[in-house]
Amino acid sequence: MKRNARFVAVAAGVAALATVAAGCSSGGGGGTPTSSAGGGNTPAALTGDCAPYSAYAGHSGSTVTMFGSILSPESDSLNKSWADFTRCTGITIQYTGSNTFESDLPVKVNGGNAPNLAIIPQPGLLAQMVATGAVKKPPAGTVANEANWNDAWKSYGSVDGTFYAAPMSANMKSLVWYSPKYFKDNGFTVPTTWADMMKLSSDMAAKMTGAAKPWCGGISSGTASGWPATDWLEEVVLGTYGGQVYDDWISHKVKFSDPQIQTAMKTVADWLQNPAWVNGGVGDVKSIATTTFQAAGLPILQNQCGMLQQASFYEAQWPKGTKVAADGDVFAFKLPAVDPSIKTPVEGGGEFVTAFSDDPAVQAVQNYLSSPEWADSRIKVAPGWVSANEKVDQTLYTDPIDQLSAKYLADPTATFRFDASDTMPAAVGSGAEWTGMVDWFGSGKSAADVAKAIDAAWLTS
Amino acid sequence: MTASHVVMASSVAGQAATTLLGVIEAVGGFVAILFIVFYVAGRATGRLQKPIALIICLVPALFLVALGLVIPAITTINNSLTNQQFLGQQKIKYIGLKNYVYAFTDPATQQTILRTVLWLLIVPVVSVGVGLLVALLVDRMKHPSAAKTMVFLPTAISFVGASVIWRYVYDYKDPSLPQTGLLSQVVIALGWRNPPNWMLTAPLNTFLMMVILIWIQAGFSMVVLGAALKAIPEEVIESARMDGASGWRLFRTIQVPMIRGTLVVVLTTVMITTLKVFDIVFTMTNGNFSTDILARRMFSDMFVTSQVGRGSALAVILFIAVVPLVFYNVRVLRREREIR
């Protein structure tokens, strides 16, 4: 029975796999970042159209590796945005994108295989990386550039009061997508207060028939399933209580089981778990849990759904040929504050350029990427990208959604806060809260039980 | 624009060339070392010949086993005793068996373990049952290869691929809308007005996902068991027939005992696959809606939610659960070899 001998080998092998997969983690010290950058050339003044890049010169022939979650075609736009920088300074930026970035980066860093620069979208992950001891402090030029951002941004790029990473792009989460055409045909107007929005929803629900409902939503998103619902809760917490409670909520001074957060959950439930209002074009409330966030808003185009609360980057999900404009097929309005006394609550997200090497060429790239000149260059390449850098030339934005987002993100009077779940420890923000939201929407678990489960995940040690 | 495209293209080609060169270098170096080792060993004679040959044959295997199995296993067991939260964390404390206590007391993890046991009991038995049935039936068909291919095809599909296919089968849309899910469409056509959202309805969703694994594994058991059935000597069957056994009786008293060894091996092999099944649950529900199983939970603890200690403890539990199956598998094979 030779045939079976092979099965034993296979069996032994697969038994081993369970432990091998886990074994990738080795405890203890962080890896040493490896830089392939050469450097060492004497600085040469750049002339002609290269003159603006003089500050970054002197490292010709170096290669700086960069790792992030941005994939093609957005990553192609990044590559184009620094093409002139590479041509003039001779520093090649080798960007690699991964759709499992959040789990890949710790493995790379821990394995001593860290990229020179990483574009980290979660302050929580940044804090985790800093705790490995592998993150290098930014050069003086980057620290100086940081003044161009609102103070809140600097704090999200800092860990325990030390500034580590400058923001790169920013996205605006407090938006509601709708169909201007559908609104116009039915005499609906864009709401400017929370009460207006609730009234509009019930008016719309009264008018709609069949599977059509005023709101739609989808929170399924692979390993990250549940995140859109965390945004809904964050919007309501920020819009009801303002920045202080929001910050205390992130640091767990205010627990999920706190009456304030419970009230916010109730507001979310009345809004997006209302059987008369959701889930437009798909089915019942529970179907929100199984609908992918990418597909969530598509019923808007068929007039099956009135509105979708989703971030500015949802623009990329509309099918080719959809006109995104105030008079087009779809557009977005700013989500009003639940409590009108909270001044322009804006929830956003973004990425932070984190260095694992202090090589001069790497620092030159860091300085360049934190400059308003680079942001301008990126904006010119393609729409769908916004910077919260206040020095950026606002007239460069061509896309209406970019203009709308930039208007609020660069507004110094707005109550800006970063996505809370991205800022909380990963065990909560990327674990228990995601699962909790899915249980809340999909399995009908009570808000109190969901809160209890999330609070329990907050490790005390 | 074109210029930058060219630059990008050439850099991609350059990277590819560098990688290729690296691969050639590594493989070439490996072959060269092997060549030298074998050459030296070939020259050795006399008393040293046997020990040298032993070492040369054993060392690479031992090295690879240590690198790929023993060291990671020890690291994982070590991690499972710590409060480590993420890879590369500094200041890690040993907390004894707390992670194991957590695994067996946390209600969600308890359910996950129970659910894994359920998978373990149902999937192998049904897969082997279906495989055996198909093997017996197909044997009497005119063109067995066509039917066999149909049943065996899913075995060739990756778990993720299969899950993506089945996601369309289980897709849910409000009954008033045009359906995209095959299952919903079929039951609506059969007169069930309001089919549930399949992947949301616990515990039905777990069983529906088991169907996917059975669909994949049945082909495998059919092929192996079919071959074992064919290997039964024709004389045995004939003499049994002459003694009056046929149909069910022939199957139960002659065929099954004669392929018992293969049956056990297929059963345990499918069991081991089931224990590690990760892809299906990961792709279909990501462990949500009360469908989580051990392997997926381990992955998410390790790589998504940064709880390396807890994830490692689950990995060790999984490992301990697989070991007896492997031992049993090996023992059955040994005994069979002795008989022959």
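Worth saying up front: this structure is predicted, and the values here are computed from it rather than measured.

Brief notes about the overall build of chain B
Working step 1: Check the secondary structure of chain B and you find 14 helices and zero strands.
Working step 2: Counting helices and strands in the order they occur from the N terminus, chain B gives α-α-α-α-α-α-α-α-α-α-α-α-α-α.
Working step 3: By the compact-globule yardstick of 20 Å for 340 residues, chain B is too spread out, its C-alpha radius of gyration being 27 Å.
Working step 4: Principal axes of the C-alpha set define a box for chain B whose edges measure 65 × 65 × 60 Å.
Working step 5: Across the 340 residues in chain B, those meeting the buried criterion constitute 36%.
Working step 6: Within chain B, residue pairs in contact and separated by at least 24 positions form 66% of the contacts whose partners lie at least 6 positions apart.

Things to note about the overall build of chain A
Working step 1: Helix and strand content of chain A: 19 helices and 12 strands.
Working step 2: A separation of at least 24 residues holds for 75% of the contacts in chain A among residues at least 6 apart in sequence.

Focus on the domain arrangement of chain B
Residues and elements named next belong to chain B.
Working step 1: With domains assigned, chain B is organised as domain 1 (3–80) and domain 2 (102–339).
Working step 2: Distance from the C-alpha centre of domain 1 to the C-alpha centre of domain 2: 36 Å.
Working step 3: Considered class by class, the residues forming the side of domain 1 that touches domain 2 number one nonpolar, three polar and no charged.

Description of the domain arrangement of chain A
Residue and element names in this part refer to chain A.
Working step 1: Split by domain assignment, chain A resolves into domain 1 (3–172 + 348–408) and domain 2 (175–347 + 417–458).
Working step 2: Taking only C-alpha atoms, the centre of domain 1 and the centre of domain 2 are 30 Å apart.
Working step 3: Sorting the residues of the side of domain 1 that touches domain 2 by element identifies α5 (123–131), α7 (151–156), β6 (166–172), β11 (345–355) and α16 (400–409) as the ones contributing at least two each.
Working step 4: With five residues, α16 is the single largest residue contributor to the side of domain 1 that touches domain 2.
Working step 5: Split by residue class, the side of domain 1 that touches domain 2 holds 11 nonpolar, eight polar and no charged.

Thoughts on the packing of helix α10 (residues 227–241) of chain A against helix α11 (residues 243–250) of chain A
All names here are of chain A.
Working step 1: Remark: α10 packs on α11, axes separated minimally by 7 Å, with the N-to-C direction vectors making an angle of 135°. Judged by the angle between their axes, α10 and α11 are oblique. Residues Val 237, Leu 238 and Tyr 241 of α10 form the contact with α11, whose own contacting residues are Val 245, Tyr 246 and Trp 249.
Working step 2: Among the residues forming the contact of α10 with α11, the class breakdown is six nonpolar, no polar and no charged.

A few points about the nonpolar core
Working step 1: Counting 186 residues, the largest nonpolar core has A:Trp177, A:Ile219, A:Val237, A:Val365, A:Leu409, B:Leu225 and B:Leu318 as its most contacted members.
Working step 2: Considering each element in turn, this core owes the most residues, 12 residues, to helix α14 (residues 308–339) of chain B.
Working step 3: Those residues in contact with A:Trp177 that lie beyond four places of it in its chain are A:Gly297, A:Ile300, A:Met307, A:Leu308, A:Gln310, A:Tyr314, A:Val330 and A:Ala332.

Describing the confidence of the model for chain B
Working step 1: Here chain B averages 87 in pLDDT, while 96% of its residues score no lower than 70.
Working step 2: When pLDDT is averaged over each helix and strand of chain B, the minimum, 75, is found for helix α1 (residues 2–43) of chain B and the maximum, 93, for helix α8 (residues 204–231) of chain B.

Focus on the sheet that holds strand β8 (residues 213–215) of chain A
Residues and elements named next belong to chain A.
Working step 1: The four strands lie next to each other as β8-β9-β7-β10, forming an open sheet whose pairing is mixed. Pairing within the sheet leaves two strands with one partner each, and these edge strands are β8 and β10 (331–334). Each neighbouring strand pair of the sheet contributes to a mean axis angle of 25°, computed without reference to strand direction.

Points about unusual backbone geometry
Working step 1: The omega torsion across A:Val278 and A:Asn279 is 5°, close enough to zero to call that bond cis.
Working step 2: Among the secondary structure elements, A:Asn279 is positioned in the loop between α12 (259–272) and α13 (287–290).
Working step 3: With omega at 0°, the peptide bond leading from B:Ala202 into B:Pro203 counts as cis.
Working step 4: For B:Pro203, the position within the fold is in the loop between α7 (182–189) and α8.

Some thoughts on the environment of A:Trp374
Residues and elements named next belong to chain A.
Working step 1: Mapped onto the fold, Trp 374 is located in helix α15 (residues 372–381).
Working step 2: Here the alpha-carbon distance between Trp 374 and Asp 160, two residues 214 residues apart in the chain, equals 28 Å.
Working step 3: When near neighbours in sequence (up to four residues on either side) are disregarded, Trp 374 contacts Ser 81, Trp 82, Tyr 368 and Leu 369.

What about the packing of helix α5 (residues 144–156) of chain B against α8(B)?
Residues and elements named next belong to chain B.
Working step 1: Two elements in contact, α5 and α8, have axes whose closest approach is 6 Å; the angle formed by their N-to-C orientations is 125°. Between α5 and α8, the crossing angle belongs to the class labelled oblique. Crossing geometry of α5 relative to α8 is assigned as left-handed. On the side of α5, the interface is formed by Lys 148, Val 151, Phe 152, Leu 153, Pro 154 and Thr 155, while α8 contributes Trp 215, Ile 216, Ala 218, Gly 219, Phe 220, Met 222 and Val 223.
Working step 2: Its residues placed into classes, the contact of α5 with α8 shows 10 nonpolar, two polar and one charged.

Things to note about the environment of A:Asp359
All names here are of chain A.
Working step 1: Within the secondary structure, Asp 359 is located in the loop between β11 and α14 (360–369).
Working step 2: Owing to 21 C-beta atoms within 10 Å, Asp 359 belongs among the buried residues under this scheme.
Working step 3: Counting along the chain gives 295 residues from Asp 359 to Val 64, while the straight-line C-alpha distance between them is 9.3 Å.

Observations regarding the confidence of the model for chain A
Working step 1: Overall, the prediction assigns chain A a mean pLDDT of 87, with 90% of residues at 70 or greater.
Working step 2: pLDDT under 50 marks residues 1–42 of chain A. Its contacts with residues more than four places away, or in other chains, come to 108 contacts.

Comments concerning the pairing of strand β1 (residues 63–68) of chain A
Residues and elements named next belong to chain A.
Working step 1: With five of its six residues buried, β1 lies for the most part within the structure.
Working step 2: With six bridges joining them, β1 and strand β2 (residues 92–97) adopt parallel strand pairing. Bridge pairing in β2 places Met 66 opposite Tyr 95.
Working step 3: Looking at chain direction, β1 and strand β3 (residues 117–120) are connected through three bridges and run parallel. Its bridge partner being in β3, Phe 67 is matched across the sheet by Ala 118.

Some details on the environment of A:Lys407
Working step 1: In this structure, A:Lys407 sits in helix α16.
Working step 2: Taking the number of C-beta atoms within 10 Å as the measure of exposure, A:Lys407 has 16 and is therefore partly exposed.

About the criteria used
- Residues numbered from 1 in each chain as written.
- Chains lettered and ligands numbered in written order.
- Predicted model: local features only at pLDDT ≥ 70, side-chain atom pairs only at ≥ 80, totals over all residues.
- Helix = DSSP H or I, 4+ residues; strand = E, 2+ residues; numbered from the N terminus.
- Rg over C-alpha atoms; globule rule 2.2 N^0.38 Å.
- Buried ≥ 20, exposed ≤ 12 C-beta atoms within 10 Å, placed from the backbone.
- Contact = placed C-beta atoms within 7 Å.
- Domains from an automatic or database assignment.
- Nonpolar A, V, L, I, M, F, W, Y, C, P; charged D, E, K, R; others polar.
- Axes fitted to C-alpha atoms, helices over the stretch in contact; angles between N-to-C directions.
- Parallel < 35°, antiparallel > 145°, perpendicular 65-115°, else oblique.
- Core = buried A, V, L, I, M, F, W, Y, C linked by C-beta atoms within 7 Å.
- pLDDT = per-residue confidence, 0-100.
- Pairing = 2+ DSSP bridges.
- Left-handed = near helix turned anticlockwise from the far one by under 90°.

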